[in-house]
Amino acid sequence: VLRTLGLGLDEKAIEAVKNWRFAPAMKDGKPVAVQINVGVNFHLLGKRIVELEKKANTGDPNAELELSRAYFADGDDSQKTRALELLQRAANQGLAQAQFLMGEHAYADARQEDRQGTSSYVDYVKAYMWYELALRRGYKQSDKMLKELAPKMSPEQLSDARNRADNWPNSPAK
């Protein structure tokens, strides 16, 4: 550690770097010994994040949505799982904006699977269902996404997605 930070952060940096794997430096096609300095960035939770966590832990869907956005924006892969979990909790509670964003995530997954040539049946159905639920709660952007998504789906997928939306707990009427 070249510059200590205290608060246990030095130890956390060492622990993190021990798990990293590096490709050796090469010269004329042969590995050579080198010395490098590696920067380790820390993202400390601010007071606002701590407050949002408390609210989210009580089931506040608006706090769950805001906190999920903060974790997604952080860019840290370790936070993305937590961000998606919080987003889904808010969506499950009927927060239209969270439902729309769940549709966005499922649709992005479906497009990635299409590029890889793998089946995206489930992700298209999930995306359509989330967009449909958000639209039923008045989230107008969903209408555009449903129109974009529908032509990419088979009649069976559309039927499945609509049935899921109709049978979603506390689903608003069409």
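Whatever comes next refers back to the structure up there.
In this report, the structure presented in the accompanying data block is examined.

1. Overview of the overall build of the protein chain
The number of helices and strands found in the protein chain is eight helices and two strands. Going from N to C terminus, the protein chain has its helices and strands arranged as α-β-β-α-α-α-α-α-α-α. Computed over its C-alpha atoms, the radius of gyration of the protein chain comes to 22 Å, more than 25% above the 16 Å expected for a compact globule of 174 residues. Along the first, second and third principal axes, the C-alpha set of the protein chain runs to 65 × 45 × 20 Å. As displayed, the protein chain has an accessible area near 11400 Å², and 52% of this comes from carbon and sulfur atoms. Within the protein chain, one finds 26 positive and 24 negative side-chain charges whose respective centroids are separated by 2 Å.

2. A word on the packing of aromatic side chains
Here the structure, examined in full by the defined rule, presents six aromatic pairs. When the ring of F100 is compared with that of Y139, the centres are 5.0 Å apart and the planes differ by 40°; the resulting orientation is tilted. Taken together, the positions of F100 in helix α5 (residues 96–116) and Y139 in the loop between α6 (121–136) and α7 (141–149) put the pair 39 residues apart, joining distant regions of the chain. Here the two residues F100 and Y139 agree in accessibility, since each one is buried. Ring geometry for Y107 versus Y124: centroids 6.2 Å apart, planes at 50°, classification tilted. One end of the pair, Y107, is in helix α5; the other, Y124, is in helix α6, with 17 residues separating them in the sequence. Looking at Y107, the relative accessible area reads 0%, which means it is buried. One cation-aromatic arrangement involves R111 over Y107; the distance from NZ or CZ to the ring centre is 4.1 Å.

3. Looking at the layout of surface pockets
By volume, the largest pocket amounts to about 510 Å³. Around the largest pocket, the lining comprises 15 residues; the ones closest to its centre are V1, L2, V38, G39 and V40. When grouped by side-chain class, the residues that make up the lining of the largest pocket number eleven nonpolar, two polar and two charged.

4. Describing the pattern of salt bridges
One pass over the structure, following the stated rule, counts eleven salt bridges. In this structure, R48 engages E66 in a salt bridge whose closest nitrogen and oxygen atoms are separated by 3.1 Å. Of this pair, R48 sits in helix α2 (residues 47–57) while E66 sits in helix α3 (residues 61–74), and the two are 18 residues apart along the sequence. For E66, a relative accessible area of 37% corresponds to the partly exposed category. Measuring nitrogen to oxygen at the nearest pair gives 3.2 Å for the salt bridge that ties D143 to K147. Linking D143 with K147, this pair stays in helix α7, spanning four residues, or about one helical turn. Overall, the relative accessible area of 31% leaves D143 in the partly exposed class. Among the charged side chains, a network of salt bridges with common partners joins E53, E64, R82, E85 and R89.

5. A look at the packing of α3 against helix α4 (residues 77–92)
Between α3 and α4, the least distance of the axes is 8 Å, while the angle of their chain directions is 155°. With respect to their mutual orientation, α3 and α4 come out roughly antiparallel. You can see that α3 and α4 cross each other, and the crossing is left-handed. Across from P61, E64, L65, L67, S68, Y71, F72 and D74 in α3, the residues of α4 making contact are Q79, K80, R82, A83, L84, L86, L87, R89 and A90.

6. Regarding unusual backbone geometry
With a phi close to 55°, D28 is a non-glycine residue in the positive phi region. Checked against the element boundaries, D28 lands in the loop between β1 (25–27) and β2 (30–32). On the basis of relative accessible area, D28 is assigned to the exposed category, the value being 74%.

Each value, and the rule that gives it
- Residues numbered from 1 in each chain as written.
- Predicted model: local features only at pLDDT ≥ 70, side-chain atom pairs only at ≥ 80, totals over all residues.
- Heavy atoms only, no water.
- Helix = DSSP H or I, 4+ residues; strand = E, 2+ residues; numbered from the N terminus.
- Rg over C-alpha atoms; globule rule 2.2 N^0.38 Å.
- Areas by Shrake-Rupley, 256 points an atom, 1.4 Å probe, with all protein chains shown as cover.
- Lys, Arg positive; Asp, Glu negative; His and termini not counted.
- Charge placed at Lys NZ, Arg CZ, Asp CG, Glu CD.
- Phe/Tyr/Trp six-rings, centres within 6.5 Å; stacked < 30°, edge-to-face > 60°.
- Buried < 20%, exposed > 50% of the residue type's maximum accessible area, 1.4 Å probe, protein only.
- Lys NZ or Arg CZ within 6 Å of the ring centre and 35° of its normal.
- 1 Å grid on protein atoms, 1.4 Å probe; cavity = no way out; pocket = protein on both sides within 12 Å on 5 of 7 lines; lining within 4 Å.
- Points joined across faces, edges and corners; volume = space filled by probe spheres on them.
- Nonpolar A, V, L, I, M, F, W, Y, C, P; charged D, E, K, R; others polar.
- Salt bridge = Lys/Arg side-chain N within 4 Å of Asp/Glu carboxyl O.
- Axes fitted to C-alpha atoms, helices over the stretch in contact; angles between N-to-C directions.
- Parallel < 35°, antiparallel > 145°, perpendicular 65-115°, else oblique.
- Left-handed = near helix turned anticlockwise from the far one by under 90°.
- Contact = heavy atoms within 4.5 Å.

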